[in-house]
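Residue-level listing of the chains:
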Amino acid sequence: MKHNIYSIFLTALILNGCTSSNDLVIPQTEFPLAYSNIVDSKNIIIEEQWWKNYQDEKLSLLIEEALKNNHDLQTAMVNISLSRASLSSSTSERYPTLEVQGSTNKIKTSADTFESNTHNKYNNYSLSTVLSYEIDLWGKYKDAQNSAKSSLLASYASRDTVKLALIANVMDNYFTLISLNEQLNVINQIVLAKEEELKRYQTQYNVGSISKIDIYQEKSSLLNLDMEKNSIEQAISLQKSTLAVLVGKTPKEIDEFCKEIFKEKLPNDITVPLDLPSNLLNNRPDIKQAEENLKSSNYNISVAKAMYFPKISLTGLIGFESMNSNNLFQSNAVKNSLGGNLVSPILNTGKISANVDNAKANKELAEINYKKTVQQAFQEVYDILNKRDAILKNMEHQKTYTKNIEEIYRITQNQYNQGYVDFIALQSAKRNYLSSQTNLIKLNQSLISSTVSLYKALGGGWSEEYLKKIEEL
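These numbers were taken from a predicted model, which means no experiment stands behind them.

Let us look at the pattern of salt bridges. If you walk through the whole model with that rule in mind, you get 18 salt bridges. Measuring nitrogen to oxygen at the nearest pair gives 2.7 Å for the salt bridge that ties K249 to E65. Of this pair, K249 sits in the loop between α5 (212-246) and α6 (251-257) while E65 sits in helix α2 (residues 57-69); the two residues are 184 residues apart in sequence, bridging distant segments of the chain. Each member of the salt-bridge network shares a partner with another, and the members are K194, E197, E218 and R431.

This is how it looks when you write it as structure tokens:
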């Protein structure tokens with residue numbers, strides 16, 4: 001009998017870890033030739049701190065603060081801890097359990113039985129070490145562990161998705177705030193010019209050279225400028241409070257944060273390569289998350305299928321048992337056992353089949369989600385690149401327009417100095433020039449925003465090493 005048990009144990013160990021899981025083929029996406037690789041994208045290193053390309057210490061400090069304090073990122077970190085605990089639990093299922101069992105009983109037998117007509121009283125003391133182990137014949141626990149491991153990797157990717165979005169939001173809000181400050185400076189100059197112009201109109205009205213309608217038109221125009229200025233100031237306050245929440249400021253700190261002084265001029269946009277390999281999309285954490293979720297769901301199918309097959313459990317026990325506590329640890333009180341247990345489903349296969357179908361459906365959903373994530377990622381990059389192209393063209397037109405308006409303003413200044421035009425004509429030329437600058441500021445902010453979005457869409461962008469490779473081609 002003992003020989004048979006050892007044979008079963010040895011056979012089980014040989015079969016242990018066999019898996020019924022199917023090899024998973026990750027769906028491949030074919031990208032247009034225009035977005036094919038021009039360098040070996042496997043060697044492209046994504047910059048960990050890509051925001052430092054803007055060389056703005058204030059921005060870097062805000063991002064560091066956001067990464068420490070943001071609640072969404074903290075939630076993602078807790079989810080990682082949960083996934084790690086789940087993996088530890090799944091891993092422990094693959095190994096034997098060792099327990100200590102102890103008991104003490106005072107027993108009084110029945111006197112009304114076939115074998116006895118008197119009561120018997122005795123004590124029973126027991127202390128044992130029990131080893132239990134379910135042989136993973138079909139790889140159920142191994143696949144469950146792999147599924148948990150993929151879920152953990154997916155939770156890491158989810159954290160990186162939150163982190164990437166947080167950094168991009170901080171940058172976008174920060175540059176929008178600077179753009180608004182720049183626009184406020186321009187509108188202040190326009191308001192001053194309009195106020196000077198209104199004074200001249202008032203003088204002309206007092207001597208009767210213009211009508212009252214002209215005065216009211218100029219006053220209305222100044223009021224519109226004041227309302228525009230107020231709107232920009234309000235937008236600045238709202239932008240500061242939004243940024244304060246992003247970096248994790250408390251309600252008390254938000255008020256102080258809104259009083260901080262920020263830069264009043266946008267930086268120049270950074271260089272974006274003309275040719276970007278489509279494989280850069282593989283660096284997106286949401287694609288990695290979708291891929292790991294797909295792997296996890298594939299392993300779950302195997303876990304569900306394994307329930308069709310028999311389960312073999314081995315149990316070993318060694319310990320002491322005695323009716324007298326003083327003799328519990330004597331050699332005569334030693335006991336041991338080794339046994340096996342086999343359980344195979346017969347009438348509950350319908351439930352198992354339902355679980356398998358459920359696991360297959362979840363895998364199908366995960367595969368659809370993976371394809372959708374990749375498709376949306378490519379669309380996002382494609383749309384951003386097209387948007388950037390349109391912004392760059394508009395900027396060239398606006399720069400040319402601003403240059404022409406600036407030349408008109410310069411000529412008008414010369415004519416005013418020579419007495420050929422009046423002060424009102426000079427102020428009008430100045431206002432037109434300042435207004436053209438406002439449009440240029442807005443376009444510059446849109447361009448920087450699109451670059452930040454492109455970095456985000458590519459999972460962190462491209463490294464300086466990649467730019468050097470581009471230049472060498």
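That shown, we press on.
Burial analysis of strand β1 (residues 97-108) places just zero of its twelve residues in the buried class, which makes it a mostly uncovered element. Here β1 runs beside strand β2 (residues 121-135); their pairing, made up of twelve bridges, is antiparallel. Bridge assignment links E99 to a residue of β2, and that residue is V130.

Looking now at the nonpolar core. L62, V170, M171, Y174, F175 and L243 are the most contacted members of the largest nonpolar core, which totals 43 residues. Among the elements of the structure, α2, α4 (140-206), α5, α6 and α9 (423-457) are those that each provide at least two residues to this core. Counting residues per element, this core draws most heavily on α4, which supplies 17 residues. Residue contacts for M171: discarding those within four places in its chain leaves W50, W51, Y54, L59, I63 and V452.

A few words on the packing of helix α3 (residues 71-92) against α4. Taken N-terminus to C-terminus, the directions of α3 and α4 make an angle of 170 degrees; their axes are 8 Å apart at the nearest point. The angle between α3 and α4 places the two elements in the roughly antiparallel class. Partitioned by chemical class, the residues of the contact of α3 with α4 number twelve nonpolar, eight polar and five charged.

Here the focus is α2. Residues spaced three or four apart along an α-helix face the same direction, because each turn holds 3.6 residues. Here α2 contains 13 residues, and its C-alpha end-to-end distance of 18 Å stays within 8% of the 18 Å for a straight helix at 1.5 Å per residue. For α2, the set of buried residues is L59, S60, L62, I63 and A66. Seen along its axis, α2 keeps its buried residues to an arc of 160 degrees; they face one direction. For α2, exposure combined with an orientation more than 90 degrees from the buried face picks out E57 and K68. Tucked inside the fold, the buried residues of α2 contact α4, α5 and α6.

Turning our attention to a nonpolar patch on the surface. Together, V100, L127 and F329 make up a nonpolar patch on the protein surface, roughly 310 Å² of accessible area in all. By the element assignment, L127 lies in strand β2.

Let's shift gears to the packing of α4 against α5. Two packed helices can be described by the angle between their axes and the distance between those axes. Two elements in contact, α4 and α5, have axes separated by 8 Å at closest approach and are oriented at 160 degrees. Considering the angle they form, α4 stands roughly antiparallel to α5. At the point where α4 passes α5, the crossing takes the left-handed sense. Split into classes, the residues belonging to the contact of α4 with α5 amount to 20 nonpolar, ten polar and eleven charged.

Right, let's get into the packing of aromatic side chains. Counted according to the given criterion, the structure contains nine aromatic pairs. Each ring, one from Y174 and one from F262, has its centre 6.2 Å from the other, and the planes form 70 degrees; the classification is edge-to-face. You can see Y174 sitting in helix α4 and its partner F262 sitting in the loop between α6 and α7 (285-305), a full 88 residues away along the chain. Note on accessibility: Y174 and F262 belong to one class, buried. Residues Y409 and Y433 carry aromatic rings whose centres are separated by 5.8 Å and whose planes lie at 15 degrees to one another, so their mutual orientation is stacked. With Y409 in helix α8 (residues 349-417) and Y433 in helix α9, this pair connects stretches of sequence that are 24 residues apart. A relative accessible area of 15% places Y433 in the buried class.

Rules and cut-offs
- Residues numbered from 1 in each chain as written.
- Predicted model: local features only at pLDDT ≥ 70, side-chain atom pairs only at ≥ 80, totals over all residues.
- Heavy atoms only, no water.
- Salt bridge = Lys/Arg side-chain N within 4 Å of Asp/Glu carboxyl O.
- Helix = DSSP H or I, 4+ residues; strand = E, 2+ residues; numbered from the N terminus.
- Buried < 20%, exposed > 50% of the residue type's maximum accessible area, 1.4 Å probe, protein only.
- Pairing = 2+ DSSP bridges.
- Core = buried A, V, L, I, M, F, W, Y, C linked by side-chain atoms within 4.5 Å.
- Contact = heavy atoms within 4.5 Å.
- Axes fitted to C-alpha atoms, helices over the stretch in contact; angles between N-to-C directions.
- Parallel < 35°, antiparallel > 145°, perpendicular 65-115°, else oblique.
- Nonpolar A, V, L, I, M, F, W, Y, C, P; charged D, E, K, R; others polar.
- Expected span 1.5 Å × (residues − 1).
- Arc of directions from axis to C-beta.
- Patch = residues over 30% accessible without salt bridge, like charges linked within 9 Å, V, L, I, M, F, W, Y side chains within 5 Å.
- Areas by Shrake-Rupley, 256 points an atom, 1.4 Å probe, with all protein chains shown as cover.
- Left-handed = near helix turned anticlockwise from the far one by under 90°.
- Phe/Tyr/Trp six-rings, centres within 6.5 Å; stacked < 30°, edge-to-face > 60°.

So far we have only geometry, and geometry alone does not tell us how the molecule works.
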